[in-house]
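Results of the structural survey
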Amino acid sequence: MAKEVHVIGGGLAGSEAAWQLVSAAVPVTLHEMRPTCRTEAHQTDALAELVCSNSFRSDDAANNAVGLLHEEMRRANSLIMAAADRHKLPAGGALAVDRDGFSQEVSAALANHPLVTIVREEIDGLPPAGWDSVIVATGPLTSPALAQAIQTLTGQAELAFFDAIAPIVHRESIDMSVCWLQSRYDKVGPGGGNADYINCPLDKAQYDAFIDALIAGEKTAFKEWEASTPYFEGCLPIEVMAERGRETLAHGPMKPVGLSSPHRPDTRPCAVVQLRQDNALGTLWNMVGFQTKLKHGEQVRIFRMIPGLEQAEFARLGGLHLNTFLNSPVLLDGSLRLKDDPRLRFAGQITGVEGYVESAAIGLLAGRFAAAERLGRPLSSPPPTTAFGALLAHITGGHLSQEGDGARSFQPMNVNFGLFPPLPAGEPRREKGVRGSRTLARKQALSARALADLDRWLAGDAATAAA
Ligand SMILES: Cc1cc2nc3c(=O)[nH]c(=O)nc-3n(C[C@H](O)[C@H](O)[C@H](O)COP(=O)(O)OP(=O)(O)OC[C@H]3O[C@@H](n4cnc5c(N)ncnc54)[C@H](O)[C@@H]3O)c2cc1C
């Protein structure tokens, strides 16, 4: 029996890392501080809790980088993806899940595994010296005591920025004589439906009034630590987007394209607010892209200006949160170990990836690396042409760690095709007369190359394990 590995944090990354270890017959002790200690965002005791949206984003492996990452994880025996697939909900082209069913499935898989021991405790300082292999996967809301200890060890300042929660509305309070169900371009998603979103239309006068209200609305006061912190561009509060330009929202989260109201088929709305199903019962729906730092009372007043939401009852209102992540390109080696203390390996959002899927993917890699190390096998890294490899390169190598003036430039990143090495044969040719065909062909070629390279990598690792 191999010696155990300690995993700190039973979120998306820690749960996946633990699963990869025990799947390689390496015992795990998983330390999770909930329910003894809580974070600002988690609401349950379950492992792999989804703290905000219930979406794993696009499930299109051929044309979308996160869809490709889903597929790579499935092929690499991911617990997170298996549970997501078992609890998926209708959501157009996206993979959305019933959050409770999903996290209960992950919790049960680990709790029932004979090689897993789950300890409900906060690790409030550096792990004891006797723990010779540790994966730290404590996430964006790492407890202050542990964060302080890591900061003291690394000597690097943490960077905080805003992450934002979008409001959730009770389905029964939405006026369906104004709104309608439709996915953009009627696209059929993995859940099987093509009418998975509730759409609320705004005409020009309603849109203008809404933008005015957003800009004038009372915001949560900045705390001292927030004032000098940049927003994460993918997670901008809607009122900040509105302040950047009156049309920004109509071209972003409120874009009306691919949607047509059966109530008024001859009128094209100026903007559309979309809501996506948030629980299995279909009773709760979240406002897509509506993260905000407006005060709660203002959110209720302003969001009830949206046609169809005049009587909206909110199960949860939007909010702002601290994120915690390392300057990974400087601190971590290629297998996610801390260069100055290689018994510590990091995984998940704390390494500087962004999102549930990316965090779980880095947990998967950390688990595989730790298992190989424990079993005395060579550490094989995923090819850089795969989505796994592209993400790993972003956090451990492929990013400049400092800009000219010495400021730290490393920022969390979602997976995207911009992180992938270019195709050796150059860009595919554009089909004559077909707009966007070159971009599409490029994505499809990158995806096909990634999956072929991934299969070779996984087969090589399997052969090493069998030898
Ligand atoms: C408010 C908020 C909203 C977000 N919304 C989204 C979203 O909509 N979509 C998306 O893709 N991503 C979202 N994210 C990012 C999301 O948190 C991460 O993508 C993902 O949960 C990170 O996975 P993780 O495993 O790294 O951390 P987590 O899933 O947060 O897991 C970390 C775990 O470690 C535990 N822990 C912390 N400190 C200790 C300690 N000292 N000892 C023991 N246990 C500890 C925590 O209790 C937690 O269970 C959001 C983040 C926040 C903060």
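On a predicted model such as this, the values are computed, not experimentally measured, just so you know.

**Looking at the overall build of the protein**
When helices and strands are counted, the protein shows 13 helices and 17 strands. Residue burial in the protein is summarised as follows: out of 467 residues, 54% are buried. In the protein, once contacts between residues fewer than 6 apart in sequence are set aside, the share between residues at least 24 apart is 71%. When the accessible surface of the protein is totalled, it reaches about 19,300 Å², and 54% of it is carbon and sulfur.

**Structural notes on the sheet that holds strand S4 (residues 88-89)**
Strand order in the open sheet formed by three strands is S3-S5-S4, and the pairing between neighbours is antiparallel. Two strands close off the open sheet at either side, each with one partner strand: strand S3 (55-58) and S4. Pairing geometry for S3 and strand S5 (residues 94-97), over two bridges, is antiparallel. Each residue of the ladder has a partner; that of Ser58, found in S5, is Ala94. Sheet strands in contact with helix H3 (residues 79-86) are S3, S4 and S5, and its direction is about 85° off that of S5.

**Description of the environment of Ala312**
Counting through the fold element by element, Ala312 comes out in the loop between helix H9 (296-303) and strand S14 (314-316). Owing to a relative accessible area of 0%, Ala312 belongs among the buried residues under this scheme. Taking the C-alpha atoms as reference, Ala312 lies 9.7 Å from Ile168; in sequence the two are 144 residues apart. Apart from the residues lying within four places of it in its own chain, the contact partners of Ala312 are Val169, Ser173 and Arg304.

**Examining the sheet that holds strand S13 (residues 284-287)**
On the basis of which strands lie adjacent, the open sheet formed by six strands has the order S10-S11-S12-S13-S9-S14 and antiparallel pairing. Both edges of this open sheet fall to strand S10 (180-181) and S14, since each of them pairs with a single strand only.

**Thoughts on the pairing of strand S2 (residues 28-32)**
Judged by how many residues are buried, S2 sits mostly within the fold: five of five residues are covered. Burial along S2 is two-sided: Val28, Leu30 and Glu32 facing one way and Thr29 and His31 facing the other are all buried. Handedness of the β-α-β unit built from strand S1 (residues 5-8), helix H1 (residues 12-23) and S2 comes out right-handed. The pairing of S2 with strand S6 (residues 116-120) spans five bridges and is parallel. The residue of S6 that forms the bridge with Glu32 is Arg120.

**What about the confidence of the model for the protein?**
Mean pLDDT over the protein works out to 89, with 88% of the residues at or above the 70 mark. Overall, residues 400-409 carries pLDDT values under 50, and its contacts beyond four positions in sequence, including any with other chains, amount to 19 contacts.

**Regarding the pattern of salt bridges**
With the rule as written, the count across this model stands at 25 salt bridges. Close ionic contact of Arg246 with Asp208 constitutes a salt bridge, the shortest N to O distance being 3.6 Å. Placement of the pair is Arg246 in the loop between helix H8 (238-244) and strand S12 (271-277) and Asp208 in helix H6 (residues 204-216), with a sequence separation of 38 residues. Relative accessible area serves as the criterion here: at 36%, Arg246 is assigned to the partly exposed category. Taken together, the salt bridges that share partners define one network made up of Asp59, Glu71, Arg74, Arg75, Asp85 and Asp455.

Rules behind the numbers
- Within every chain, residues take consecutive numbers counted from 1 along the sequence as written.
- Reporting of local features is limited, given that this is a predicted model, to residues whose pLDDT is at least 70; pairs of side-chain atoms are given and counted only at 80 or more, and all residues count toward the totals for whole chains, interfaces and linings.
- The side-chain figures draw on all heavy atoms in the structure; neither hydrogens nor water molecules are used.
- Secondary structure elements are defined from DSSP: runs of H or I of at least 4 residues count as helices, runs of E of at least 2 residues count as strands, and each element is numbered from the N terminus.
- The buried label goes to any residue with under 20% of its type's maximum accessible area, the exposed label to any with over 50%, and the partly exposed label to all in between, with areas taken from a 1.4 Å probe on protein chains only.
- Any pair of residues with heavy atoms lying within 4.5 Å of one another is described as a contacting pair.
- Accessible surface is estimated by sampling points in the Shrake-Rupley manner with a 1.4 Å probe; for residues, cover comes only from the protein chains shown.
- One requirement defines pairing of two strands: DSSP has to find at least two bridges between them.
- For helices, the axis comes from a line fit to the C-alpha atoms of the stretch in contact; other axes are also lines fit to C-alpha atoms, and the angle between any two N-to-C directions lies between 0 and 180 degrees.
- When the strands point away from the viewer, a crossover counts as right-handed if the path from the first strand over the helix to the second runs clockwise.
- How sure the predictor is of each residue is captured by pLDDT, a score from 0 to 100.
- One side-chain nitrogen of Lys or Arg within 4 Å of one carboxyl oxygen of Asp or Glu is enough to make a salt bridge.

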